[in-house]
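Residue-level structural notes
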Amino acid sequence: MKWTNCLIALLSFLICHALSAQPAVSIKISGSVTDSSGQLLPSVTVMLLKSADSSTAKITSTDHSGVFALEEVPAGQYFLSFSATGYMPHSVALPALDASFTTGPVRLQRTATMLAGVTVVARKPLIELKPDRTIVNVDAAVTNVGATALEVLEKSPGVTVDRNGTISLKGKQNVLILMDGKPSYLSATDLANYLGGLSASQVELIEIMTNPSSKYDAAGNAGIINIKTKKNKVKGFNGNLNLAYGQGRYYKNNNSLLLNYRNGNYNLYLTYSNNISQYFTDIYAYRWYYADDNKTVTNRFEQPTYITSPLRNHNLKVGVDYSLSRKTTLGVSVTGLHSSRKTISNNYGEWMSKDETVDSVIRTSSNNKSRWKNAGFTVSARHTFSENKELSADIDYLDYQLDNSQYYLNTLTGNTNYTDGLRGNLPSALRIFSAKADYTQLIGKQLKLETGWKTSHVKTDNLADYEYLESNVWKPDYDKTNHFLYAETIHALYVNAQQQVSRWTLQGGLRFEHTAYDADQLGNTFRKDSSFSRQYSSLFPTGFASFQADSSHTFSFSVGRRIDRPAFQKLNPFVFLINKYTYQTGNPYFRPQYTWNFEFSHLYKETLITTLSYSVTNDYFSQIFLSDTNGLIIYTEGNLGRMTNVGLSVSAQLAPTSWWSASLQANLNRKKIEGVVVNALSATITQLSMNISNQFRFKKGWSAELSGFYITRAQNDLQEVLDPTGQLAAGVAKQIMKNKASLKLSIRDIFYTQAMAGWTSFQGATEYFKLTRDSRVATLAFSWRFGKPLKGATRRTGSASDEIKERIGQN
């Protein structure tokens, strides 16, 4: 086959070029930091400065084990600067370096014992700017206390979440969400519910990558967001306890516990969190229906809806790492999730004539329940052949059981009176097996080669069993009842090479993915069986080049091709009920969309980064809204045509004073969407989103935060435009119990401005909607850290495909 020959030729070229390249000298500087008693210190700021002009070359901080590492440092003359809250700053001169170097343990002296009245403030910044990614350190923001992971994500730079829970990055949807490097295995709506139940106290940091390398799955045209949870990896028995109570219109209760025990070759760990909360959603919708000229109003429909939803969410993970030898480590972990949500809704809709005279009123009450059960099992292994060669392998098995029930009762009064009802039982079963192997080799001191293989197998079984009420008797509704079976396999191979050449960093890679799926829609009394299948293969090249012009300026360019596959359920042509006048249906002809991404960035002193981006997407995914003569709105998705996006982003880290630091980011996007929904449509809009976070550090362990974000009018999709939105948050914190615990008080969405409103255009209809949630919440939280931070083992993540979790169970 032609593509096979092209793949072999291109892989051979990349490997041969990498092997023949002459590496320049680049080094790694590492070490540890302790206090005067020898106890290792986490979160110490470590700066690498050039001896010639004291300019900053690199900056990092010690991890939970008190260890730091500065990688890819050009050879030269440097010195290290160390600073931490409550300790005197300390500098260490380094010899002229032309090879990797490890310092001896660096000891810091407490401020109180050295210089009375002086306080040194040092901390991990809220936002870290890197040429290839942006890092959000969750604990650095006071207002993240008591929040959920979704709320933290929602105010992260360039990230937005729409009314359906779909996450967008810099104006583009179809973001691949990873949890500890593993896909989430949930649909957009279910993923939003999961993150809305996960306590932010369990999240260490969030990595935002708009153009990842070929090592990652090619899914996600907007890039990847990797949510890393906290991992306590220290010797002995230790942990972290977080308790938080919040009050909006309803209560919010988020708690988490992290425990760790390490002794000898064993490392045992357990993490648990729960979210016991109640939420509400207030929805207002007003529709205008038009005659064939799309101008003359024929009738109107107004529908306010109030929804309450108590949530009970429990997450558990336990595991063990075992070192078979100095070179080989095995890991086993088990995860569990149990979540239940009850949604109670009451609304009334008024049908009006064109002059707004009420013709009839329909009242709807609903009681929907959902319950998730998930069990996962992961086995991982890593073997180091030598200092320069490493092989890792991971196997995942996950089982999801999702039970959903729907109940609707409608009563119409006016010119015609009637009562009808609909109820449905919608169980889903999902099983995933995934495996991968990755090999890394360092050739010389600067050439790094990576190659790997991955396979994933997914099976879903979705039943929709509906009944309708007639004369007080429930009867089968065969028109909506459906049984959908789906099986998919994805195989992938990749190669990636990274080379340091003087002041240049070069990286190139190629990924090959082959996808095959079979789907069966089982029939019933009114519908015959049907099936469809498909196979396709694609190549996904990636490239990255970075040039360090001097100690202050770094320029980089990246390019990559990506794919988004339709969610499993969106291929299923069955009907899912939203309300009496709104249905959702799948599309068996849904094809993947492909995107080329280009980015050019300039980094100034690791404090200011400016990025210009361009992307073009073919077979663009879009929501499609259709209407019929009876006023029924049908919501589906499909491939409409083409989308282009031009973006400019600016991120800055400022420190106006020793006690005040600020993180700012602005993203400007101009997006054009073209496609056909009955008629040819085109939409162009310019959108600006801004984030700002001010962090204040005071004496005697006090700190505070004032932060917010704002998003201008946005083209959410071809037929939907969103109005501006934003929020302001503030908080204060106090360190207690000898800095091993803290109390925090915060309030989010102070002025209650984070509503989601906009306009949707249908065939022959237009709708205005406004959705508000329980977003103004005051939270009081207590956090307690116990145990001694000593160096521990590194835990592996699993192997599951980096996109499958995004595509499961879409409704």
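Please read all numbers here as calculations on a predicted model, not as lab measurements. (Residues numbered from 1 in each chain as written. Predicted model: local features only at pLDDT ≥ 70, side-chain atom pairs only at ≥ 80, totals over all residues. Heavy atoms only, no water.)

**Thoughts on the overall build of the chain**
When helices and strands are counted, the chain shows four helices and 47 strands. Here the chain holds 811 residues, and the buried ones make up 53% of them. For the chain, the proportion of contacts with a sequence separation of at least 24, taken over those separated by at least 6, is 67%. Accessible surface computed for the chain: about 34,800 Å², of which carbon and sulfur atoms make up 57%. (Helix = DSSP H or I, 4+ residues; strand = E, 2+ residues; numbered from the N terminus. Buried < 20%, exposed > 50% of the residue type's maximum accessible area, 1.4 Å probe, protein only. Contact = heavy atoms within 4.5 Å. Areas by Shrake-Rupley, 256 points an atom, 1.4 Å probe, with all protein chains shown as cover.)

**Examining the sheet that holds strand 5 (residues 78-83)**
Strand order in this open sheet of four strands is 3-2-5-6, and the pairing throughout is antiparallel. Only two strands of the sheet have a single neighbouring strand rather than two, namely strand 3 (56-61) and strand 6 (90-93). Averaged over neighbouring strand pairs, the angle between their axes works out to 20° when direction is ignored. Examined bridge by bridge, strand 5 and strand 6 share four bridges and lie antiparallel to one another. (Pairing = 2+ DSSP bridges. Axes fitted to C-alpha atoms, helices over the stretch in contact; angles between N-to-C directions.)

**Some details on the environment of Ala 487**
You can see Ala 487 is positioned in strand 27 (residues 482-501). Once you skip the residues sitting within four places of it in the chain, Ala 487 turns out to touch Val 458, Lys 459, Ala 516, Tyr 517 and Asp 518.

**Considering the pairing of strand 23 (residues 389-414)**
Look at any regular strand and the pattern is simple: side chains alternate between the two faces of the sheet. As judged from the 24 bridges shared by strand 22 (residues 358-386) and strand 23, these two strands associate in the antiparallel manner. Bridging across to strand 23, Ser 366 finds its partner in Tyr 408. If you look at the hairpin formed by strand 22 and strand 23, you'll find two residues sitting between the two strands. Inspection of the sheet shows strand 23 paired to strand 24 (residues 418-443) by 24 bridges, in the antiparallel sense. Bridge pairing in strand 24 links Ser 392 to Asp 438. Connecting strand 23 to the next strand, strand 24, in antiparallel fashion are three residues.

**Digging into unusual backbone geometry**
In the Ramachandran plot, Asp 749 falls in the positive-phi region, its phi being about 50° despite a non-glycine side chain. The residue Asp 749 is located in the loop between strand 44 (741-748) and strand 45 (756-762) in this model. Owing to a relative accessible area of 0%, Asp 749 belongs among the buried residues under this scheme. A positive phi is found at Tyr 752, a non-glycine position, where the angle reads about 50°. Of note, Tyr 752 is situated in the loop between strand 44 and strand 45. When its relative accessible area of 31% is taken as the criterion, Tyr 752 is described as partly exposed.

**Let's talk about the packing of aromatic side chains**
In this structure the tally under the stated criterion is 27 aromatic pairs. Between Tyr 250 and Phe 280, the aromatic rings sit 6.2 Å apart at their centres with planes inclined by 70°, giving edge-to-face as the arrangement. With a gap of 30 residues between them, Tyr 250 in the loop between strand 17 (236-247) and strand 18 (251-263) and Phe 280 in strand 19 (residues 266-290) connect regions that are remote in the sequence. Seen from their ring centres, Trp 759 and Tyr 768 are 5.1 Å apart, and the 55° between their planes marks the pair as tilted. An aromatic cluster is defined as three or more aromatic residues linked by ring pairs; in this entry it consists of Tyr 286, Trp 288, Trp 759 and Tyr 768. Over the aromatic face of Phe 280 sits the side chain of Arg 249, whose NZ or CZ is 3.9 Å from the ring centroid. Sitting over the face of the ring of Tyr 279, Lys 252 holds its NZ or CZ atom 5.0 Å from the ring centroid. (Phe/Tyr/Trp six-rings, centres within 6.5 Å; stacked < 30°, edge-to-face > 60°. Lys NZ or Arg CZ within 6 Å of the ring centre and 35° of its normal.)

**So, the environment of Leu 402**
With respect to the element layout, Leu 402 can be found in strand 23. For the pair Leu 402 and Ser 370, spaced 32 residues apart in sequence, the C-alpha to C-alpha distance is 7.3 Å.

**What to know about the confidence of the model for the chain**
In this model, the chain carries an average pLDDT of 81, and 85% of its residues clear a pLDDT of 70 or more. Here residues 1-24 is modelled with pLDDT under 50, and outside its nearest four sequence neighbours on either side it reaches 29 contacts, counting other chains as well. (pLDDT = per-residue confidence, 0-100.)

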